[in-house]
Amino acid sequence: MSLPPDPPPSEPVPSGKETPTLHEPMTHEELDRLWSDPKGLWGQLTGVQNDLIGVRLMLTGFFFLLLGGSFDSVLMRLQLAMPESSIISPQLYNELFTNHGTVTMFLVILPIFEGFAVLLLPFILGSREMPFPRLGAFGFWTLLFGGLLYYSSTLFAAVPDAGWFAYTPLSGPEFSPDLALDFWVLGLGVAEVGAIAVAFEIIIGVLKMRAPGMTLTRIPLFAWSLLVMAFMILFAFTPLIVGSLLLELDRGFGTQFFDPQLGGSSLLWQHIFWIFGHPEVYIQSVPAAGIVSMIIPVFSRARIVGYNWLVAALVAIGFLSFGLWAHHMFTVGLSPIILSFFAAASMAIAIPTGVQFFAWIATIWSGRPAWRTAFLFCVGFLVIFLIGGITGVMVAAPPFDMQAHDSQFVVGHLHYVLIGGVAFPIFAGVYYWFPKFTGKLLDERLGRWNFWLLFIGVNVAFFPMHIVGLMGMPRRVYTYDDGLGWGIYNLISTIGVVAFIVPGIAVFVWNVVRTLRRGEEAGANPWGADTLEWGTPSPPAQHGWSVLPLVTSRHPLWDQDDLHSGEPWLVKFVHGIGNWPLRWRAGVTVGTADGRPQEVFRVADPSIWPLFTAAGVLIIFAAELFKIRWAIGVGALVVIAGVIAWNWPKKAPMTVEEESAFEREHGVPVNAGGSVVIAKWATALGILFVSIAFGTLLLSYFYLRLENPQWPPEGIAQHGLVRPAIAAALVIGGGLIARWGLGRLRDDRRGSFIGALAGTLLMAGAGIVLQVAEHLGYDFTWTAHAYGSIFYTLSGFVIGVAAGMMIMTAMVLYWTIQGQYTARRHAAVAHMIWFWTAAQLIWLVGFATVYLGPRLT
Amino acid sequence: MTLFSTGSFDPQGPVAETMADLWWFMLVLGTAVFILVMALLIWGLSRRRPPTDERPSNESPRSYDWWVLGGGVVLPVVILIVVFGATVLAMTDTPEEIPANALVIELVGHQWWWEVHYPDAGFTTANEMHLPVGRPIAIEMTSADVIHSFWAPALGGKLDLLPDGTNTLVLQADEAGVHNTACAEFCGLQHAEMGLTVVAEPPEEFAVWVAGQMEPAAQPADESAARGEEIFLSSRCVECHTVRGTPAAGDAAPDLTHFASRRRLGAGAAPNNSAELAQWVADPHTIKEGVDMPASQLNDEELAAVVAYLKGLK
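Residues numbered from 1 in each chain as written. Chains lettered and ligands numbered in written order. Predicted model: local features only at pLDDT ≥ 70, side-chain atom pairs only at ≥ 80, totals over all residues. Heavy atoms only, no water.

### Details of the overall build of chain B
Right, so step 1: In terms of regular secondary structure, chain B is built from seven helices and 12 strands.
Right, so step 2: Taken over the C-alpha trace, chain B has a radius of gyration of 27 Å; the compact-globule value for 314 residues is 20 Å, which it surpasses by more than 25%.
Right, so step 3: Seen along its three principal axes, the alpha-carbon backbone of chain B occupies a region of about 95 × 45 × 40 Å.
Right, so step 4: The buried share of chain B, reckoned over its 314 residues, is 53%.
Right, so step 5: With an accessible surface of roughly 13,600 Å², chain B has 59% of that area assigned to carbon and sulfur atoms. (Helix = DSSP H or I, 4+ residues; strand = E, 2+ residues; numbered from the N terminus. Rg over C-alpha atoms; globule rule 2.2 N^0.38 Å. Buried < 20%, exposed > 50% of the residue type's maximum accessible area, 1.4 Å probe, protein only. Areas by Shrake-Rupley, 256 points an atom, 1.4 Å probe, with all protein chains shown as cover.)

### Section: the nonpolar core
Right, so step 1: Judged by nonpolar contacts, the single largest core of 352 residues is most densely connected at Phe116 and Trp433 of chain A together with Phe150 of chain B.
Right, so step 2: Contact partners of Trp433 of chain A, with chain neighbours within four places excluded, come to Phe116, Leu120, Ile124, Phe222, Ile291, Met294, Glu533 and Trp534 of chain A.
Right, so step 3: Membership of the second largest hydrophobic core comes to 22 residues, among which are Phe232, Phe259, Leu303 and Val307 of chain B. (Core = buried A, V, L, I, M, F, W, Y, C linked by side-chain atoms within 4.5 Å. Contact = heavy atoms within 4.5 Å.)

### A closer look at helix 19 (residues 609–625) of chain A
Residue and element names in this part refer to chain A.
Right, so step 1: In this model, helix 19 (17 residues) spans 24 Å end to end at C-alpha, consistent with the 24 Å of a helix rising 1.5 Å per residue.
Right, so step 2: Residues of helix 19 that are buried: Pro610, Leu611, Thr613, Ala614, Gly616, Val617, Ala622, Ala623, Glu624 and Leu625.
Right, so step 3: Where helix 19 is buried, its residues touch helix 2 (40–46), helix 5 (133–151), helix 6 (180–208), helix 7 (221–253) and helix 20 (629–646).
Right, so step 4: Just past helix 19, the residue Lys627 takes up positive phi, approximately 55 degrees. (Expected span 1.5 Å × (residues − 1).)

### A closer look at the pattern of salt bridges
Residue and element names in this part refer to chain A.
Right, so step 1: As enumerated under the stated definition, the model contains 21 salt bridges over all chains in all.
Right, so step 2: In this structure, Arg251 and Asp182 form a salt bridge, with 3.0 Å as the shortest nitrogen-oxygen distance. Here Arg251, found in helix 7, pairs with Asp182, found in helix 6; they are 69 residues apart in sequence, far enough to count as distant.
Right, so step 3: Note that Glu624 and Arg629 form a salt bridge whose closest N and O atoms lie 2.9 Å from each other.
Right, so step 4: We classify Glu624 as buried; its relative accessible area is 6%.
Right, so step 5: Take Arg629: its relative accessible area is 31%, and that puts it in the partly exposed class.
Right, so step 6: Taken together, the shared-partner salt bridges in this structure form one network comprising Asp182, Glu248, Arg251, Glu624, Lys627 and Arg629. (Salt bridge = Lys/Arg side-chain N within 4 Å of Asp/Glu carboxyl O.)

### Points about the packing of helix 11 (residues 350–365) of chain A against helix 12 (residues 373–395) of chain A
A packed helix pair is summarised by two numbers, namely the angle formed by the two axes and the spacing between the axes.
All names here are of chain A.
Right, so step 1: As a packed pair, helix 11 and helix 12 sit with axes 12 Å apart at the nearest point and diverge in direction by 150 degrees. Here helix 11 is positioned roughly antiparallel relative to helix 12, judged by the angle of their axes. Crossing hand, helix 11 versus helix 12: left-handed. Taking contact as the criterion, the partners of Ala350, Thr353, Phe357, Trp360 and Ile364 in helix 11 are, on helix 12, Phe375, Phe381, Leu382, Phe385, Leu386 and Val393.
Right, so step 2: The class makeup of the residues in the contact of helix 11 with helix 12 is 10 nonpolar, one polar and no charged. (Axes fitted to C-alpha atoms, helices over the stretch in contact; angles between N-to-C directions. Parallel < 35°, antiparallel > 145°, perpendicular 65-115°, else oblique. Left-handed = near helix turned anticlockwise from the far one by under 90°. Nonpolar A, V, L, I, M, F, W, Y, C, P; charged D, E, K, R; others polar.)

### Digging into the interface of chain A and chain B
Right, so step 1: Every contact between the two is made by 102 residues of chain A and, on the other side, 85 residues of chain B.
Right, so step 2: Of the roughly 7,700 Å² buried at the junction of chain A and chain B (both faces included), carbon and sulfur atoms supply 69%.
Right, so step 3: Among the residues chain A hides against chain B, the three largest losses belong to Phe358, Trp365 and Gln403 of chain A. Together they make up 12% of the total.
Right, so step 4: In this assembly, chain A and chain B are joined by one salt bridge.
Right, so step 5: For the pair chain A and chain B, the number of links is 18 residue pairs in polar contact (both at pLDDT 80 or more).
Right, so step 6: Secondary-structure elements contributing two or more residues to the side of chain A that touches chain B are helix 4 (90–125), helix 8 (266–300), helix 10 (336–348), helix 11, helix 12, helix 13 (398–404), helix 15 (444–470) and helix 17 (556–559) of chain A.
Right, so step 7: A per-element tally of the side of chain A that touches chain B places helix 11 of chain A first, with 11 residues.
Right, so step 8: Of the residues in the side of chain A that touches chain B, the class split is 61 nonpolar, 28 polar and 13 charged. (Buried area = accessible area lost by both parts, 1.4 Å probe. Polar contact = N/O pair within 3.5 Å; in protein donor to acceptor, adjacent residues only side chain to side chain.)

### Some words on the packing of aromatic side chains
Right, so step 1: Counting across every chain of the model gives 91 aromatic pairs over all chains.
Right, so step 2: With 4.9 Å between their ring centres and 70 degrees between their planes, Tyr432 of chain A and Trp433 of chain A make a pair best called edge-to-face.
Right, so step 3: Residue classification places Tyr432 of chain A among the buried residues on the basis of a relative accessible area of 0%.
Right, so step 4: Measuring from centroid to centroid gives 5.6 Å for Tyr64 of chain B and Trp67 of chain B, while their planes differ by 50 degrees, and the two rings are tilted. (Phe/Tyr/Trp six-rings, centres within 6.5 Å; stacked < 30°, edge-to-face > 60°.)

### Structural notes on the sheet that holds strand 1 (residues 103–110) of chain B
All names here are of chain B.
Right, so step 1: Here we have five strands laid out as an open sheet, ordered 3-2-1-5-8, and mixed in their pairing. In this open sheet, the two strands that pair with only one neighbour each are strand 3 (123–126) and strand 8 (167–171). Across the sheet, the mean angle separating the axes of adjacent strands is 25 degrees when strand polarity is ignored.
Right, so step 2: Examined bridge by bridge, strand 2 (residues 113–118) and strand 3 share four bridges and lie antiparallel to one another. Along strand 3, the bridge assignment pairs Tyr118 with Phe123.
Right, so step 3: The strands that helix 3 (residues 203–214) touches are strand 1, strand 2 and strand 3; relative to strand 3, the one it contacts most, it runs at about 100 degrees. (Pairing = 2+ DSSP bridges.)

### Overview of the sheet that holds strand 5 (residues 670–671) of chain A
By way of backbone hydrogen bonds, the strands of a sheet pair with one another, either parallel or antiparallel.
All names here are of chain A.
Right, so step 1: Spatially, three strands are ordered 3-4-5 in an open sheet, and the strand pairing comes out mixed. Of all the strands in the sheet, just strand 3 (586–590) and strand 5 have a single pairing partner and so form its edges.
Right, so step 2: Pairing of strand 3 with strand 4 (residues 597–602) involves five bridges; the strand directions are antiparallel. Across the sheet, Ala586 pairs through a bridge with Arg602, a residue of strand 4.
Right, so step 3: Across the face of the sheet, helix 22 (residues 677–707) comes into contact with strand 3 and strand 4 while running at roughly 90 degrees to strand 4.

Dropping the structure here:
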């Protein structure tokens, strides 16, 4: 074994002991080849490496930032600099602010943080890859395709103009009849699918793929924050996708969800949108707090104060953020009791935020600051985010919010929160981690210019907005009258953007370009940091860790002299998987709490199917956009084919005997065919995703039910219950047969299992056909009243889930006949049974709701 | 116009007063919190400490846990209880029920103008609302199309006009004054030019105004105005506009019965003078792009006549 010397840190922040070295195995280059993506164009299309996907996600976010964040805001500020100016037309102004909000909220910060996660997590956590490299690639492609589909509206001269919130009925078919809002709904729909896909990957990555010994309480805070963020994405974006579906049904298929004249409700959209929209703000600020929690201790040369408190605060913010959406709706006429509830909930979030603040300040107190650019941005974050937090508590008070709401005050508040609270930590993170992945240190002198220009710019640009807002200037106005006294404040804001923020960003871009060309060499650990990623060379190898590190501390690089000593069996284990004969991409899952190795499995390799499937998703949404309805079917077939091909079982690269031999020697089971542990988690998250979507539809049903005194409306009789009951019995019975079949498979009776699956297909299929026939017999439509709209949509969702189960069952049946599953290897079958259980429950609850809902009085 | 002297900084009624009091209270408290936290931060950053050239090898002193508990939990809880208490007090001071002596005004939002009814007196006007000083006002609001929001910052907070149903806002003006208010919920192309002039005036003047508004439209005063009326009534104008006392009875656009008494035209888009009016009638899109009203095909003489007629609708 050779020990490659660590490059000496250039001008290190004093760090005392040497950074611990790692033992490179002889197989370093072979490992690197094994984990690399193919070369050339094909490699670009099939690549799944976390480095590749992570960097791509971040560049995508930055690309959209330059396009939508900067360009739009400069134009808007130039227009508003003077009263009654006419640099741009009202239509263009409305398009600009719609685009500015939409792009920053959906296409900038989200991909940047997901990119941070995919790129950094394997290094921070001491694993080799993310759990689902292909899902990560799929997430990237869909985010990119969605963003481009949204932006292509410019080419069709139908640019969305109803705000990033797209309130109904303004965004509905009557008041926005052209394609503009379809680009908004459907383009973002594609991107939302991608955001959720990457969230799956992050959740499982943090919970299951860590270095041996990294217990829950040793997970670096940034990883904790990404875990919370990913859960929030799952819980927030799923309702938004459902809401977008309802809006598109209104726009494209004539349903009446949001039309108050026909049983719909304009406020239903606001509720669904803000159940997404408020958590979305914290989806952005939670990982930002995670970055700050990593950087402040390193540059204070002190351990973070109150680690447990900070974890609790992150989790608390995650939960609380779902309980305060209605504070965006304080002026829609809610009752005082609801107002005070949401006011209290909104204010309560200041408590976990206070915990974070004092933990950071105490950390600074207990150490000695080193003034590097990354640290400067963290201090700037503390100042600006504090102001944004204080104004946030103010607008949580309904009597004051009735003045501030939808005024420039809120514009000032939210930019303090999002620029100070999110963009500054992103800059800090880039300055901090850039050397790790490029090997070059960003220039400190340019960094200080970058910081001070932005810090001054944010205050000059956004502070005056608070004042002019309370003077009476509303948001989203392209002009204002002279003589109101608003001109001077607007002029100052414009100067802040043009003279400070734009040059500040330009300095940053220049710094990156200049550093890539001739930057100072960084060395492995230029900051003397404590977390694992700094134990790899800069830039790190394709496969990350040749020998997985063994973690015995929360600050391994500060506390451990050697990252590869520990319990003898663990030492033997990490070298075992770092060496042949494991001639495949071996990943390790660990116990969620104790961090002990659970399983060695084969991580998926590069594949074209994620791109293919993403293209299918794009076809579905684009076909609806351009009203080429048959192409929706084509897209659906592409997605189904893509998912099947993607998951096509691959011959395990090891025999069962070899697997057992490894397990006997190392004490950790091997699943060379693919992970059981991770698939189980993915199944659970998949079921959670479907359940959240279903739950959103149920909430919509009952919201409309409560809004309408007469339900069903006049002219629709109560439905008969006999045939739906028979259909439900058939579908549920069919699922139970599959469950029975799984038991036979475990007893190695494959024939009975095949028979059971065939029985499932027949019986559940009959149930689905019967229910569809029942629907075809109804004489009410989905266009006449919101009752019909939600009736058919909710039933359609339930039937769609069951139809998905039929496809899954058919594929499992086919693979069983092909001999894929045995009494020992059949995890996929067990997971299908979980899905069946969920589908049965959804069928039961869904049809109980549509058939018994009208009978509730 | 100086700092802190207009809009919600200059409350002219009890509701706005309550809101402004809450704002100043929270501003003082927020500033105190900001100064406290900043002082701790700056002190922590600048105090002299011996150089640490060790890897931080020990856990931070336990004493810092008290920072998190005291500063991060206890301090915010105490402050939030105070703020929430002040909020609830302010909410109880904001009337929810319609007071018995309130004047009821019905407000209907349109893209992009305001329809104003006085149900007791039984007349309709547009884009200008008059209020008697010293009497509670209940504005019952709804929308004919998309969501709008009414906001007169010196008199009280905002409330949305929904197509779903009626919202009621109670406020009161204690001082006479003219408030040029704007729609506060984005409502489409001309959201920025959807102004409502709110005129608070002494009860006597208000009574005179009401009496005037209840009258049918004034007869044309001269030949030119009479010619203008003729053109008006024989053109497409009547499909959308109402002039009480004439056959014009359209309801898709502002009531013009007492149009000349209003301060602004085009829902706040321009001052209501003859020059602007002539331009508006000739082609309103040059003043307010995108409105429903089409450009007219009148020659100069006809245009002057129509303007004379409209300026006579006092």
